[in-house]
Amino acid sequence: MKKKMIASCMAALLLGSTASYVSADELTAQEKFNALKAKGIFSGIGDESMGLDQNMTRAQFARVAGLLDGLDVDATPSTQTFRDVAPGNWAYEEVEAAANAGLIVGNGDGTFNPSGDISVEQMSTVLVRVLRIETDDSAKVDGASDWAQKYVKAAINAGLISNGDDFTTPVVQEQVQSSALNTVVVEDQIGDLQQENKEKIGSVLALGVMSAKDQKFNPDEYLTREELIEMTNAILGEDNDSSSEIPENPTFGDILRSMLHATGYPMDELTEENLVSLAIEVGILDEDDVIIKIQPLNAPLKRTYAAGISSDTIFEAKTVTVEDDKVILHEDKKVVDNMTLPKTPIQVKLDDMEDVPFYTSLSDINKTIADIVKQQQPVYSYTDTTVPTITYASINLKPVSINLGKTGTITFDVNDGNLTEGTIEVSENSVLTVTAFEGVDLTNFSSSYLTQQLYASQSNSLNIIDLLAQLDSDHTSGVSLSGLANHDLNDDGILIEGTLKDGAGNTQNISIRINITLAP
């Protein structure tokens with residue numbers, strides 16, 4: 001589907017000169033209609049004479065939803081989804097666009113009922129899908145059908161609809177106008193938040209609070225338990241003594257709880273009922289943050305939002321102490337003041353996100369960090385002269401025999417098949433650069449395959465396997481051992497050489513030799 005850039009223009013109609021967001025409830029019915037009509041949202045489904053109390057059909061709302069989502073609702077579909085919305089029906093293209101985007105699913109029997117009225121809970125469900133906001137499976141809302149509980153609750157929390165007694169009733173044009181405009185406002189707020197988070201992602205990567213795998217941050221993936229532990233350990237400067245309480249699939253509430261604990265709150269004082277209010281009190285959240293409206297406490301949190309929460313915890317949150325059962329907020333003491341910070345930024349360039357800052361100086365991250373690092377340094381002069389080493393490596397889950405942390409050997413039988421995966425662990429954060437590969441001209445390969453950031457606190461994927469896979473075009477998964485054996489020019493194994501370089505500039509030459517035994 002071809003996307004149309006309508007969200008920012010629509011939101012501009014709802015912004016005052018102070019650039020503060022306004023609710024559709026503050027506009028007159030005529031202003032709502034004019035704003036939507038100007039962007040084509042109501043084109044073809046009504047005009048000013050259409051009564052505000054007139055019901056809207058499911059087909060009409062499919063067009064509204066598609067335009068709110070930026071879909072090309074006039075494109076000719078390749079297939080028919082619903083047997084009661086066939087080619088020639090005025091809403092055929094609109095309904096198919098919304099169905100293909102996952103905004104509507106029909107009645108479950110192959111029909112859509114295009115002329116039927118759309119209910120409040122059905123509209124809520126579609127608008128929540130338009131915004132791709134999380135829902136809470138345990139949500140309960142009086143007056144909503146069982147299947148719609150989580151969607152209605154999410155729509156109410158996001159300010160898309162008003163609370164009510166019966167969400168099964170048909171919506172009228174005035175309700176659709178208000179909800180459509182509120183959806184545009186929230187969509188624009190989400191876009192602003194995601195843009196703001198790019199700078200925060202850069203800062204938490206540079207400080208080692210979060211990490212990227214293979215130069216990818218994967219912002220829309222959910223934060224894992226391991227990543228939350230990595231985050232809290234980096235902020236606390238020590239192992240989190242409450243890490244055992246973090247579930248396998250942490251929720252927004254779990255992440256807020258961990259961040260509040262990092263400010264100084266005891267874990268036993270952090271309940272689901274007070275997490276948001278305490279996060280606002282210490283400065284992790286603002287009371288008007290859109291994340292509060294779109295993110296249930298019981299739902300998982302995307303990495304982009306987790307980065308924003310952790311960055312605000314580090315740089316904005318006040319620290320807390322508890323004295324005689326009384327919580328004391330320290331306005332002038334930030335979490336970053338207590339962190340163990342790297343002497344230089346961890347440099348991570350992302351392949352899957354644009355406009356994420358790449359830091360070369362601590363002062364570029366935050367003007368106070370460089371001073372904090374200086375204060376953390378001992379008064380005596382110390383120079384890091386320890387070279388990084390390999391502590392463990394494996395290929396195809398088979399351990400590489402490591403010698404003195406710098407050389408390794410591994411042997412395969414040609415009948416073992418393909419090389420598909422590898423891991424490497426190092427003694428300290430360092431950059432691995434492949435400098436030579438027996439029988440291969442490395443000038444033909446992108447630097448992204450030859451250079452990668454390695455972290456001491458985790459098992460890193462060995463990018464060299466991706467480079468190997470490019471040598472064997474006949475195999476879609478990895479590289480065949482029989483093909484790889486051809487690169488053994490001296491019949492003594494295939495020698496791969498490289499360097500490990502830490503943040504202090506210490507360099508270690510390393511090598512791995514892959515021996516392949518040919519079948520008789």
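If you're wondering where the values come from, they're calculated on a predicted model, not measured in any experiment.

Here is what the cut-offs are and how they apply
Residues numbered from 1 in each chain as written. Predicted model: local features only at pLDDT ≥ 70, side-chain atom pairs only at ≥ 80, totals over all residues. Heavy atoms only, no water. Pairing = 2+ DSSP bridges. Helix = DSSP H or I, 4+ residues; strand = E, 2+ residues; numbered from the N terminus. Axes fitted to C-alpha atoms, helices over the stretch in contact; angles between N-to-C directions. Buried < 20%, exposed > 50% of the residue type's maximum accessible area, 1.4 Å probe, protein only. Polar contact = N/O pair within 3.5 Å; in protein donor to acceptor, adjacent residues only side chain to side chain. Parallel < 35°, antiparallel > 145°, perpendicular 65-115°, else oblique. Left-handed = near helix turned anticlockwise from the far one by under 90°. Contact = heavy atoms within 4.5 Å. Nonpolar A, V, L, I, M, F, W, Y, C, P; charged D, E, K, R; others polar. Phe/Tyr/Trp six-rings, centres within 6.5 Å; stacked < 30°, edge-to-face > 60°. Lys NZ or Arg CZ within 6 Å of the ring centre and 35° of its normal. Expected span 1.5 Å × (residues − 1). Core = buried A, V, L, I, M, F, W, Y, C linked by side-chain atoms within 4.5 Å.

A short note on the sheet that holds strand β4 (residues 398-399)
Strand order in the open sheet made by the four strands is β4-β3-β8-β11, with antiparallel pairing throughout. In this open sheet, the two edge strands, each paired with only one partner strand, are β4 and β11 (460-461). Two elements, strand β3 (residues 390-395) and β4, share two bridges in a ladder whose sense is antiparallel. When the sheet's bridge partners are listed, S394 is paired in β4 with P399.

Some points on the sheet that holds strand β6 (residues 407-413)
Reading across the sheet, the six strands line up as β5-β6-β14-β13-β9-β10 and stay open at both edges, with mixed pairing between neighbours. Where the open sheet ends on each side, the last strands, each with one partner, are β5 (401-403) and β10 (451-454). Across the sheet, the mean angle from the axis of one strand to that of its neighbour is 25°, orientation sign disregarded. Sheet analysis places strand β9 (residues 430-437) next to β10, joined by four bridges and oriented antiparallel. Among the inter-strand pairings, S430 is bridged to a residue of β10, identified as L454.

Remarks on the environment of H487
Examined against the element boundaries, H487 turns out to sit in the loop between α17 (481-484) and β13 (494-502). The buried category is assigned to H487, whose relative accessible area is 16%. Considering only alpha carbons, one finds H487 and E438, 49 residues apart in sequence, at a separation of 6.2 Å. Among the polar contacts made by the side chain of H487, one reaches the main-chain carbonyl oxygen of G439 at a distance of 3.3 Å.

Considerations on the packing of helix α3 (residues 58-68) against helix α5 (residues 120-131)
Look at α3 against α5: their axes get within 10 Å of each other, and the N-to-C directions meet at 20°. In terms of orientation, α3 and α5 fall into the roughly parallel class. Crossing hand, α3 versus α5: right-handed. Facing α3, whose interface residues are R58, F61, A65 and L68, α5 presents Q122, M123, V126, L127 and V130.

Section: the environment of F112
Considering the arrangement of structural elements, one finds F112 in the loop between α4 (92-100) and α5. Aside from chain neighbours lying at most four places away, what touches F112 is R58, A59, A62, F82, D84, V85, V95, I104, G106 and N107.

Here we look at the packing of helix α9 (residues 252-263) against helix α10 (residues 275-282)
For any two helices packed against each other, the geometry comes down to the angle between their axes and how far apart the axes lie. One can describe the packing of α9 onto α10 by two numbers: an axis separation of 10 Å at closest approach and a directional angle of 40°. As summarised for this structure, α9 and α10 are arranged oblique, according to the angle between their axes. The two elements α9 and α10 meet at a crossing, and its hand is left-handed. For the pair formed by α9 and α10, the contact residues are G253, L256, R257 and L260 on the first element and L275, V276, L278, A279 and V282 on the second. For the contact of α9 with α10, a count of residues per class yields seven nonpolar, one polar and one charged.

Notes on the packing of aromatic side chains
Aromatic rings considered in pairs are described by the distance between their centres and by the relative angle of their planes. Here the structure, examined in full by the defined rule, presents one aromatic pair. Between R129 and the ring centre of Y151, over which it is positioned, the NZ or CZ distance is 5.3 Å. In this arrangement the basic side chain of R303 is found over the ring face of F217, its NZ or CZ atom lying 4.2 Å from the centre.

Description of α9
For α9, which comprises twelve residues, the first-to-last C-alpha distance of 17 Å matches the rise-based estimate of 16 Å (1.5 Å per residue) to within 8%. Here α9 lies mainly inside the structure; twelve of its twelve residues are buried. Among the residues of α9, F252, G253, D254, I255, L256, R257, S258, M259, L260, H261, A262 and T263 are the ones counted as buried. Against the buried residues of α9 lie α8 (225-236), α10, α11 (290-294), α12 (303-315) and β1 (318-323). A positive backbone phi angle near 125° is found at G264, which sits one or two residues after α9.

Structural notes on the nonpolar core
If you look at the biggest cluster of nonpolar residues, it comprises 111 residues, and the most contacted ones within it are F61, V209 and I284. Filtering out sequence-adjacent residues up to four positions away, F61 remains in contact with M56, I118, M123, V126, L127 and V176.

A word on the side chain of T319
Its location among the elements puts T319 in strand β1. In this structure T319 touches T263, I328, L329, H330, K333, K334, V335 and N338, once residues within four positions along its chain are discounted.

Let's talk about the environment of D441
Relative to the helices and strands, D441 is located in the loop between β9 and α15 (447-450). Within the local environment of D441, its side chain forms a polar contact with the side chain of T443, the two groups lying 2.6 Å apart.

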